[in-house]
Amino acid sequence: MTPHLKKLSAAGVLITLGIIFGDIGTSPLYVFQTLLFEGGKVNAALVLGSISCIFWTLTLQTTFKYIVITLQADNHGDGGIFSLYALIRRYGKWLAIPAIIGAGTLLADGIITPPISVTSAIEGLSNVPSLATSFIPGSALILGIVIGIMILLFFFQQFGTKVVGSSFGPVMLMWFFMIGALGAIQFAHNPAIIKAFNPYYGIKLLTTHPRAIYLLGAVFLCTTGAEALYSDLGHCGRKNIQISWIFVKIALLLNYLGQGAWVLMQPAGKDFTNVNPFYQIVPNPDVLMIPCVALATLATIIASQALISGSFTLISEAVSMNFWPRITIKYPSNIRGQIYIPSINWLLCFGCIAVSLYFRTSEHMTAAYGFSITIAMLMTTILMYYFMRYVKHWPVWLVTIILCIFLCVEFSFFVANAIKLLKRLFFLVFEFGLIFTMYIWYKARKINNRFLHFVDLREQIPLLNALSADETISKYAGQLIYLTKANNSKQIEEKILYSIMSRSPKRADTYWFVHIDTTDEPYTMEYSVDQVEKGKVIRVDLRLGFRIQPRVNVLFRKVVEDMLHRKELDITSKYESLKKFKVVSDFRFVILEKFLSYNNVFSVAEGFILNSYFSIKKLAQSEAKAFGLDTSETYIEKIPLVVKPATNFKIKRIDPHSGEAIPELAGDV
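Basis of the calculations
- Residues numbered from 1 in each chain as written.
- Predicted model: local features only at pLDDT ≥ 70, side-chain atom pairs only at ≥ 80, totals over all residues.
- Heavy atoms only, no water.
- Helix = DSSP H or I, 4+ residues; strand = E, 2+ residues; numbered from the N terminus.
- Buried < 20%, exposed > 50% of the residue type's maximum accessible area, 1.4 Å probe, protein only.
- Contact = heavy atoms within 4.5 Å.
- Areas by Shrake-Rupley, 256 points an atom, 1.4 Å probe, with all protein chains shown as cover.
- Lys, Arg positive; Asp, Glu negative; His and termini not counted.
- Charge placed at Lys NZ, Arg CZ, Asp CG, Glu CD.
- Axes fitted to C-alpha atoms, helices over the stretch in contact; angles between N-to-C directions.
- Parallel < 35°, antiparallel > 145°, perpendicular 65-115°, else oblique.
- Left-handed = near helix turned anticlockwise from the far one by under 90°.
- Nonpolar A, V, L, I, M, F, W, Y, C, P; charged D, E, K, R; others polar.
- Salt bridge = Lys/Arg side-chain N within 4 Å of Asp/Glu carboxyl O.
- 1 Å grid on protein atoms, 1.4 Å probe; cavity = no way out; pocket = protein on both sides within 12 Å on 5 of 7 lines; lining within 4 Å.
- Points joined across faces, edges and corners; volume = space filled by probe spheres on them.
- Phe/Tyr/Trp six-rings, centres within 6.5 Å; stacked < 30°, edge-to-face > 60°.
- Lys NZ or Arg CZ within 6 Å of the ring centre and 35° of its normal.
- Patch = residues over 30% accessible without salt bridge, like charges linked within 9 Å, V, L, I, M, F, W, Y side chains within 5 Å.
- Disulfide = S-S within 2.5 Å.
- Core = buried A, V, L, I, M, F, W, Y, C linked by side-chain atoms within 4.5 Å.
- Expected span 1.5 Å × (residues − 1).

## Details of the overall build of the chain
Within the chain, the secondary structure is distributed over 28 helices and ten strands. Its C-alpha atoms give the chain principal-axis dimensions of about 100 × 70 × 55 Å. Counting every position in the chain, which comprises 669 residues, the buried fraction comes to 55%. For the chain, restricting intrachain contacts to residue pairs at least 6 apart in sequence, the fraction spanning at least 24 positions comes to 81%. For the chain, the accessible surface area stands at approximately 29100 Å², while carbon and sulfur atoms represent 63% of it. One way to put it: in the chain the 60 positive side-chain charges average out to a point 5 Å from where the 44 negative ones average out.

## Let's talk about the packing of helix 6 (residues 96–108) against helix 17 (residues 285–320)
Axis separation between helix 6 and helix 17 bottoms out at 10 Å; the angle between their running directions is 150°. As judged from the angle between their axes, helix 6 and helix 17 are roughly antiparallel. The two elements helix 6 and helix 17 meet at a crossing, and its hand is left-handed. In this structure, helix 6 uses Ala103, Leu106 and Leu107 to contact helix 17, whose residues at the interface are Ser311, Leu314 and Ile315. Among the residues forming the contact of helix 6 with helix 17, the class breakdown is five nonpolar, one polar and no charged.

## Description of the pattern of salt bridges
On inspection of all chains with the given rule, the structure shows eight salt bridges. Ionic pairing is found between Lys475 and Asp509, a salt bridge with its closest N-O pair at 2.8 Å. Note that Lys475 is positioned in strand 2 (residues 475–484) and Asp509 in strand 4 (residues 507–519), a separation of 34 residues in sequence. Assessed through its relative accessible area of 18%, Lys475 is described here as buried. In this structure Asp509 comes out as buried when scored by relative accessible area, which is 7%. Within this structure, Asp517, Glu526 and Arg543 form a network of salt bridges that share partners.

## Considering empty space enclosed by the protein
All told, the structure shown has six cavities of 30 Å³ or more when counted by the stated rule. The computed volume of the largest cavity comes to approximately 170 Å³. In terms of lining residues, the largest cavity is bounded by 17 residues, among which Leu106, Ser231, Leu307, Gly310 and Ser311 are the most central. Every element with two or more residues in the lining of the largest cavity is listed here: helix 6, helix 13 (226–231) and helix 17. The element contributing the most residues to the lining of the largest cavity is helix 17, with seven residues. Partitioning the lining of the largest cavity into residue classes produces seven nonpolar, six polar and four charged.

## With respect to the layout of surface pockets
Its volume calculated, the largest pocket comes out at about 1400 Å³. Lining the largest pocket are 47 residues, with Asn322, Arg445, Asn449, Lys485 and Ile516 sitting closest to its centre. If you list the elements that add at least two residues to the lining of the largest pocket, you get helix 17, helix 22 (425–450), strand 2, helix 24 (494–501), strand 4, strand 6 (537–545), strand 7 (587–596) and helix 27 (604–617). It is helix 22 that contributes the most residues to the lining of the largest pocket, six residues altogether. Taken together, the residues of the lining of the largest pocket break down into 23 nonpolar, eleven polar and 13 charged.

## Some words on the packing of aromatic side chains
Considering all chains together, one arrives at 29 aromatic pairs under this definition. Ring geometry for Tyr358 and Phe359: centres 4.8 Å apart, planes at 85°, overall edge-to-face. By relative accessible area, which is 7% here, Phe359 ends up buried. Between Trp441 and Tyr613 the ring centres are 4.6 Å apart and the planes differ by 45°, which places this aromatic pair in the tilted class. Within this pair, whereas Trp441 is found in helix 22, its partner Tyr613 is found in helix 27, the two being separated by 172 residues in sequence. Taken as a pair, Trp441 and Tyr613 share a single burial class, namely buried. Following the ring pairs from residue to residue traces out a cluster consisting of Tyr91, Trp94, Tyr385, Tyr386 and Tyr390. If you follow Lys475 out to its NZ or CZ, it ends over the ring of Tyr575, 4.5 Å from the centre.

## A few points about a nonpolar patch on the surface
On the surface, a nonpolar cluster with roughly 470 Å² of combined accessible area is contributed by Trp56, Leu60, Trp397, Ile401 and Ile405. Counting residues per element, the nonpolar patch draws most heavily on helix 21 (residues 396–418), which supplies three residues. In this structure Leu60 comes out as partly exposed when scored by relative accessible area, which is 32%.

## A few points about the state of the cysteines
A full pass over the atoms with the stated rule returns zero disulfides. With no disulfide of its own, Cys222 lies closest to Cys53 among cysteine sulfurs, the gap being 9.1 Å. The class for Cys222 is buried, based on a relative accessible area of 0%.

## Points about the nonpolar core
Of all hydrophobic cores here, the largest spans 152 residues; its most connected members are Phe21, Phe82 and Trp175. If near-sequence neighbours (up to four positions away) are discounted, Trp175 is found in contact with Gly25, Thr26, Leu29, Phe278, Leu295, Ala296 and Ala299.

## A short note on helix 10 (residues 168–189)
With 22 residues, helix 10 extends 32 Å from end C-alpha to end C-alpha; this agrees with the ideal 32 Å at 1.5 Å per step. What helix 10 keeps buried is the set Phe168, Gly169, Val171, Met172, Trp175, Phe176, Met178, Ile179, Gly180, Leu182, Gly183 and Gln186.

## A short note on unusual backbone geometry
For Asn322, which is not glycine, the phi dihedral falls at a positive 60°. Residue placement: Asn322 occurs in the loop between helix 17 and helix 18 (342–359). Residue Arg360 is not a glycine yet carries a positive backbone phi of 70°. Looking at the element boundaries, Arg360 is found in the loop between helix 18 and helix 19 (362–366).

## Here we look at the side chain of Thr297
By the secondary structure assignment, Thr297 is in helix 17. Beyond its immediate stretch of four places on either side in the chain, Thr297 contacts Ala121, Ile122 and Ile149.

## Describing the environment of Trp394
Looking at the secondary structure, you find Trp394 in the loop between helix 20 (371–391) and helix 21. Beyond its immediate sequence surroundings of up to four residues, Trp394 is in contact with Ile69, Gln72, Met388, Arg389, Val399 and Ile402.

Given below as structure tokens:
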């Protein structure tokens, strides 16, 4: 997204409609239908109470929490749970846990939103009189069309959305105009429905209806796109989202009012089983229903696309912040921030197809929908408390009031959605796998970092100079590069020094130590150079935003070119025959890759975490590939990770002739 589109403008608002509001904008397709289904007997109390609950949920949850409050958690123009975590992580190490749970549950939502949206759109064809007998909800025909659309959607991810993306805004603009107009027509027939905005009707419904808990779970579906709204902040900018939400909310409320007005005008005792009020309010269905379904299908595809792109962004951020194994990430277009992750793409594709085959109809899908998003919203609320209190420095009384409102609303929705747990056991493996992977990766890296030992780099300069000048040792490389985790430029890992000096000593003309610092800003690209020993020992610090991929090979080459341009460096080969012809010296990267040593005695917890970590690591990218290093220039050196060496045992020495023990030489090892 170009920076000017993040500023308030007509183009920015139009693009925002296409990127941000697809999920929440297609919710009228199934929300009111689900409320009628869960409510049992349909009457005025159910209709007015349901619309009242929808209005106040959109007002308190979407408008107040996300549009007004959460969008202020702007991390240099970027949003999402990891951006929020980056802003507040210094206020508590434990805050990584809600960030992990929130991200995992948000990703899990990615396998049910596309099927439920696309299925509810295609099922609209059953309302066309001439097609009603063929397009029956749950039929093989509808299922085949839905699965076909999703396979094509995921297949085209690898090519990016540069071409079709430009049409997202206009399509969603048409969609919101259409749903607003459809609702307004019915509202004009029964304007008394406006009294549903009175909270009295919502409170009465939730306190007197015997299935109130189920109804509350259905009401929550109207705000499920709110969390994704914050995640896409970086694509459109806060002002564009806030202004376009006014139009979106009016269109949504008009449609819900129209659906409610239509239901109230039906004869008493009408059976609403398999009746979707959204399609029933379409006038002249023989003519308008097919265009309406076509536009609904396009809108749900756009909603699915936004969620898939958001999943890619979330995983990319998780990789950058060491919450996820390094995996292949591709850039299908020249639009900044547009990425493609093959493994996540096909995992989501498989999950979406499985959901469609398992539930078959949108009605059954809604029965299992919402639980994950409720947890994600609760986790965001926990993190937002720290943002409001310690970053914004709002007074305690104000933060407490806001927190109580959010927690009260969201905990109610959590309880309402918790009853869906048995209907969604299908998803638990997927959700648990995502959260488990993030947690293990985070904890294992913390354990690894505890056992990093550093030495003073300047104290090693005489040794490095001597090794470089020792012609009795074969030269390993002209320019030898190591990646270092030492934040202090005056230090270096002991294991790197061991790699250079021990085993087969690595003689080189110049020793480079490259450190990557991931910043809290999303798109930082900076570097600094410290010539610890001019021309002999050089430290390079790369400062990269958490959304920038650490392609070290390319970035390091740029650093060297810049230093040559500034005449700070000479990389001509030191071999006499090559030096005469000004041949450039060779560059070689050494990657130190750990494996879990057998010489460890762990606690049960640490053993489980580290064994799981190294098992997951086998499925991840190699370090060389993750850092964008050409294999021809890279050497992988295996080193054992010894966290807790086994020392508490004794061994006896015996005389080889008599076989008798020599006790005075026995002891601990």
